[in-house]
Number of protein chains: 2
Amino acid sequence: MDHGNDIQEYPRPALTVDCVVFGVDLEERDLRVLLIQRDHPPFKHKWALPGGYVHLEESLEEAARRELAEETNVTDVYLEQLAVFGDVDRDPRGRIVTVAYSALVTLRDYDLRGATDARDAAWFSVDEVEQLAFDHDRILALACARLRQQVLQEPIAFALLPAAFTLTQLQRLYEIILGTTLDKRNFRKKVVSLGLLERLNAVERHVAHRAAWLYRFDQREYQRKKKRGFRFAL
Amino acid sequence: MDHGNDIQEYPRPALTVDCVVFGVDLEERDLRVLLIQRDHPPFKHKWALPGGYVHLEESLEEAARRELAEETNVTDVYLEQLAVFGDVDRDPRGRIVTVAYSALVTLRDYDLRGATDARDAAWFSVDEVEQLAFDHDRILALACARLRQQVLQEPIAFALLPAAFTLTQLQRLYEIILGTTLDKRNFRKKVVSLGLLERLNAVERHVAHRAAWLYRFDQREYQRKKKRGFRFAL
DNA sequence: TCAAAAGTGTTGGGGGTACACCCATGT
DNA sequence: ACATGGGTGTACCCCCAACACTTTTGA
């Protein structure tokens, strides 16, 4: 980086963060994304990704968390940097570069009806979304592609489930994200053989059939194995 | 993105691009990175990644290409966005956010001794680099990790080789990047079975042993297969 | 003729895929 | 009793890993 020149010499692009927040609805078998409706031009009344300006005294990830909390009341999420979008004309008002983050949450934790600050935030099924503001369609498309790719190579799916879950829920989650169906026996064999699931001493409640065992993802064990060169794969 | 507020309301971080330019030296069996020596404080005389400020009228990738050409005379490279680094204190002079790109070039194409604008650019073996300026060590480490990962999942290695190459060169390249040794027969079987290599009607010249066939990577065929759902894998 | 790298096949094992039935529970 | 999903085992096939010798060429 050539920082020999004075730091103030050039006019600067504006810098924002945007968040692609994913949640799954296991009952509806639906991958959802959290959007907010704009109430100012440009793109007034269009839906857009939550986000906003980066302040000077906060890191990019801090900015993403802050905006997410302010606009949608969503907190404590798994956040990951996705990409930067910096085309010259991506915003009609001028040069605005945005850093996109993707976030994974469990849908039930965030009932937006209860959120006070969230004026017009709502969950949309990802394949029903269309015509978002700015280049947010592109950002969402990349986020979906990356999610599908990552879910096979890193144990991020668990961030979309409650702490205790059944193997069937886990399988359904993978099916929703990948858009395929999976063989029950093979899925269970593989996922159990990874040695990362702990079967709890508890079963589902209030189901009109045989209750399934509950499992939790063993984060500590995963970290241990990862250090020894273990690579997670579906 | 909440663009309801006026675009000029907040003070903005400065925005730069930095490039991690990789090249391989097949003779020395070395993965190299291109660095420039700083001639102003901070970090005067330290080595750093080439890069500089993003102008208002150019995209991020254009900025990366421009800075690379200006500082090192390197042009026509395969460029890919790596990540954004935006910690508040990553630059002692103030808030500077940088977009890191990684680039792959064939070493022989860019003899820096012949470059006129490149004051103090030089190739370094990646495992001999230490104590770069700013957080460039972190950026380089991420770039190396990503390169190792990507080389197994996308046919990017060919961007590091001349257009016509031997299978042994290709194998050596993989060995250099992955830091392992590979079995010659298994490697050739796998790489040929992908159906992406075209054997040219030509062999190596000026070698003191049996001359090897030359191959080229069939970019068109790769694009065709990719559209049909084909996924490259080592 | 020697040195140096090119080129080539087979075998065994592990993991992935395909596939169908009985079990436990709540109503 | 019945409906609903929970839970389990086997056989085959393919791909990966391990492994050594002959061929070609220039010096």
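As shown above, the structure is provided for reference.
Read on for a plain summary of the structure. Note that the coordinates shown come from a computational prediction; the quantities given were computed from them, not determined experimentally. Within each chain, residue numbers correspond to sequence positions counted from 1 in written order. Chains and ligands are labelled by the order in which they are written, letters from A for the one and numbers from 1 for the other. Totals for whole chains, interfaces and linings use all residues, but because this is a predicted model, local features are given only for residues with pLDDT of at least 70 and pairs of side-chain atoms are given and counted only at 80 or more. Side-chain metrics rest on all non-hydrogen atoms present in the structure, leaving aside hydrogens and water.

## Some thoughts on the packing of aromatic side chains
For step 1, the next point in the chain: Pairing of aromatic side chains requires ring centres within 6.5 Å, counting the rings of Phe and Tyr and the six-membered ring of Trp. Pairs whose planes differ by under 30 degrees are stacked, by over 60 edge-to-face, and all others tilted. Taken as a whole and assessed by the stated rule, the structure comprises 14 aromatic pairs over all chains.
For step 2, the next point in the chain: Geometrically, the ring pair formed by phenylalanine 43 of chain A and phenylalanine 134 of chain A is tilted, given 4.8 Å between the ring centres and 55° between the ring planes. Of this pair, phenylalanine 43 of chain A sits in the loop between β2 (30-37) and β3 (47-48) while phenylalanine 134 of chain A sits in the loop between β7 (121-125) and α2 (136-153), and the two are 91 residues apart along the sequence.
For step 3, the next point in the chain: Residue phenylalanine 43 of chain A is classed as partly exposed on the basis of its relative accessible area, which comes to 31%.
For step 4, the next point in the chain: Throughout, exposure labels follow a simple rule: accessible area from a 1.4 Å probe, protein chains only, divided by the maximum for the residue type, with under 20% read as buried, over 50% as exposed, and the rest as partly exposed. Phenylalanine 134 of chain A sits in the buried class, given a relative accessible area of 10%.
For step 5, the next point in the chain: Feature note: the residues Phe158, Phe165, Phe217 and Tyr222 of chain A constitute an aromatic cluster, connected by ring pairs.
For step 6, the next point in the chain: Directly above the ring of phenylalanine 230 of chain A sits lysine 225 of chain A, whose terminal nitrogen or CZ lies 5.8 Å from the centroid.
For step 7, the next point in the chain: Note that arginine 199 of chain B overlies the ring of tryptophan 213 of chain B, its terminal NZ or CZ placed 3.8 Å from the centroid. Helix and strand definitions here come from DSSP, where helices need a minimum of 4 consecutive H or I residues and strands a minimum of 2 consecutive E residues; each element is numbered from the N-terminal end. By definition here, charges over rings are those cases where NZ of Lys or CZ of Arg is within 6 Å of the ring centre and within 35 degrees of the ring normal.

## Some points on the environment of aspartate 76 of chain B
For step 1, the next point in the chain: With respect to the secondary-structure elements, aspartate 76 of chain B resides in the loop between α1 (60-72) and β5 (78-85).
For step 2, the next point in the chain: Once the C-alpha coordinates of aspartate 76 of chain B and arginine 95 of chain B are considered, the two residues, 19 residues apart in sequence, prove to be 31 Å apart.

## What about the protein's contact with DNA strand D?
For step 1, the next point in the chain: Lining the immediate surroundings of DNA strand D are 17 residues, of which Lys184, Arg188, Lys189 and His209 of chain A together with Arg210 of chain B lie closest.
For step 2, the next point in the chain: Consider each residue's heavy atoms; a residue with any of them within 4 Å of a molecule or strand counts as near. When atoms of DNA strand D within 4 Å of the protein are sorted by moiety, sugar and phosphate together comprise 36%.
For step 3, the next point in the chain: Within the side chain of arginine 188 of chain A, an N or O atom sits 2.5 Å from a phosphate oxygen of DNA strand D.
For step 4, the next point in the chain: Polar contact is defined as a pair of N or O atoms within 3.5 Å, subject to the rule that within protein one atom must be able to donate a hydrogen and the other to accept it, and that residues adjacent in sequence are counted only when both atoms are side-chain atoms. Residue lysine 189 of chain B places a side-chain N or O atom 3.4 Å away from a base nitrogen belonging to DNA strand D.
For step 5, the next point in the chain: Contributions of two or more residues to the surface near DNA strand D are made by α4 (184-193) of chain A together with α4 (184-193) of chain B.
For step 6, the next point in the chain: Residues were grouped as follows: Ala, Val, Leu, Ile, Met, Phe, Trp, Tyr, Cys and Pro as nonpolar; Asp, Glu, Lys and Arg as charged; and all remaining residues, including Gly, as polar. Across the surface near DNA strand D, the residue classes break down as four nonpolar, four polar and nine charged.

## Some words on the protein's contact with DNA strand C
For step 1, the next point in the chain: Neighbouring DNA strand C are 17 residues; Asn186 of chain A together with Thr168, Lys184, Arg188 and Trp213 of chain B lie closest to it.
For step 2, the next point in the chain: Per the 4 Å cut-off to the protein, sugar and phosphate atoms form 39% of the nearby atoms of DNA strand C.
For step 3, the next point in the chain: Measuring from a base nitrogen of DNA strand C, one finds a side-chain N or O atom of asparagine 186 of chain A at 2.8 Å.
For step 4, the next point in the chain: In this structure, lysine 184 of chain B approaches DNA strand C through a side-chain N or O atom, which is 2.7 Å from a base nitrogen.

## Description of the interface of chain A and chain B
For an interface, size is often stated in terms of accessible area lost upon the parts coming together.
For step 1, the next point in the chain: Contacts are assigned to residue pairs that have any heavy atoms within 4.5 Å of one another. Taken together, the 50 residues of chain A in the interface contact 52 residues of chain B.
For step 2, the next point in the chain: We define buried area as the total accessible area lost by two parts upon association, computed with a 1.4 Å probe and summed across both. Summing both partners gives a buried area of about 4,100 Å² for chain A against chain B, and 58% of it is carried by carbon and sulfur.
For step 3, the next point in the chain: Salt bridge, as used here: a side-chain nitrogen of Lys or Arg that lies within 4 Å of a carboxyl oxygen of Asp or Glu. Our count for the contact surface shared by chain A and chain B stands at zero salt bridges.
For step 4, the next point in the chain: In this assembly, chain A and chain B are joined by nine residue pairs in polar contact (both at pLDDT 80 or more).
For step 5, the next point in the chain: Contributing elements (two or more residues each) for the side of chain A that touches chain B: β1 (14-25), β4 (51-53), α1 (60-72), β5 (78-85), β6 (96-104) and α2 of chain A.

## Digging into the side chain of threonine 106 of chain B
For step 1, the next point in the chain: Along the chain, the position of threonine 106 of chain B falls in the loop between β6 (96-104) and β7 (121-125).
For step 2, the next point in the chain: Sequence-distant contacts of threonine 106 of chain B, defined by excluding residues within four places in its chain, comprise Ala159, Leu160, Leu161 and Pro162 of chain B.

## Brief notes about the pairing of strand β2 (residues 30-37) of chain B
Residue and element names in this part refer to chain B.
For step 1, the next point in the chain: Among the eight residues that make up β2, seven are buried, leaving the element largely enclosed by the rest of the structure.
For step 2, the next point in the chain: Looking at chain direction, strand β1 (residues 14-25) and β2 are connected through four bridges and run antiparallel. The residue of β2 that forms the bridge with glycine 23 is arginine 32.
For step 3, the next point in the chain: Hairpin connection of β1 to β2: four residues between the antiparallel strands, including arginine 29 at a positive phi of 55°.
For step 4, the next point in the chain: The pairing of β2 with β7 spans five bridges and is antiparallel. Directly across from leucine 35, in β7, lies its bridge partner alanine 122.
For step 5, the next point in the chain: Across two bridges, β2 lies against strand β3 (residues 47-48) in antiparallel orientation. In the sheet register, isoleucine 36 faces β3, and the bridge partner there is alanine 48. Note on pairing: two strands pair once DSSP finds at least 2 bridges between them.

## Digging into the pattern of salt bridges
All names here are of chain A.
For step 1, the next point in the chain: What the rule picks out here adds up to 23 salt bridges over all chains.
For step 2, the next point in the chain: Across the pair arginine 65 and glutamate 61 runs a salt bridge, and its minimum N-O distance is 3.0 Å. Of this pair, arginine 65 and glutamate 61 both sit in helix α1, four residues apart, which is roughly one turn of that helix.
For step 3, the next point in the chain: Overall, the relative accessible area of 34% leaves arginine 65 in the partly exposed class.

## With respect to the state of the cysteines
Residues and elements named next belong to chain A.
For step 1, the next point in the chain: In this description, a disulfide is simply a cysteine sulfur pair whose atoms lie within 2.5 Å. The final tally for this structure, using the stated rule, is zero disulfides over all chains.
For step 2, the next point in the chain: You can see cysteine 19 has no disulfide; the closest cysteine sulfur is in cysteine 144, sitting 15 Å from it.
For step 3, the next point in the chain: On the basis of relative accessible area, cysteine 19 is assigned to the buried category, the value being 0%.

## Some details on the relation of the copies chain A and chain B
For step 1, the next point in the chain: Least-squares superposition of the copies uses the C-alpha atoms of those residues scoring a pLDDT of at least 70 in each of them. For these two chains of identical sequence, chain A goes onto chain B by a turn of 180° and a shift of 0.0 Å along the axis, with RMSD 0.0 Å. The relationship between the two copies is best expressed as a two-fold rotation axis.
For step 2, the next point in the chain: Mapped onto chain B, 100% of the interface residues of chain A again fall at the interface, so both copies present the same surface.

## Quick look at helix α5 (residues 219-227) of chain B
Residue and element names in this part refer to chain B.
For step 1, the next point in the chain: Within the span of α5, buried status applies to Glu221, Tyr222 and Lys225. One side of α5 carries all its buried residues, which in axial view fall inside an arc of 100°. Residues Arg220 and Lys227 are exposed on α5 and point more than 90 degrees away from its buried face.
For step 2, the next point in the chain: Those residues of α5 that are buried lie in contact with β9 (213-217).
For step 3, the next point in the chain: Glycine 229 sits one or two residues past α5 and shows a positive phi near 90°. When we speak of the arc, we mean the arc of directions from the helix axis to the C-beta atoms.

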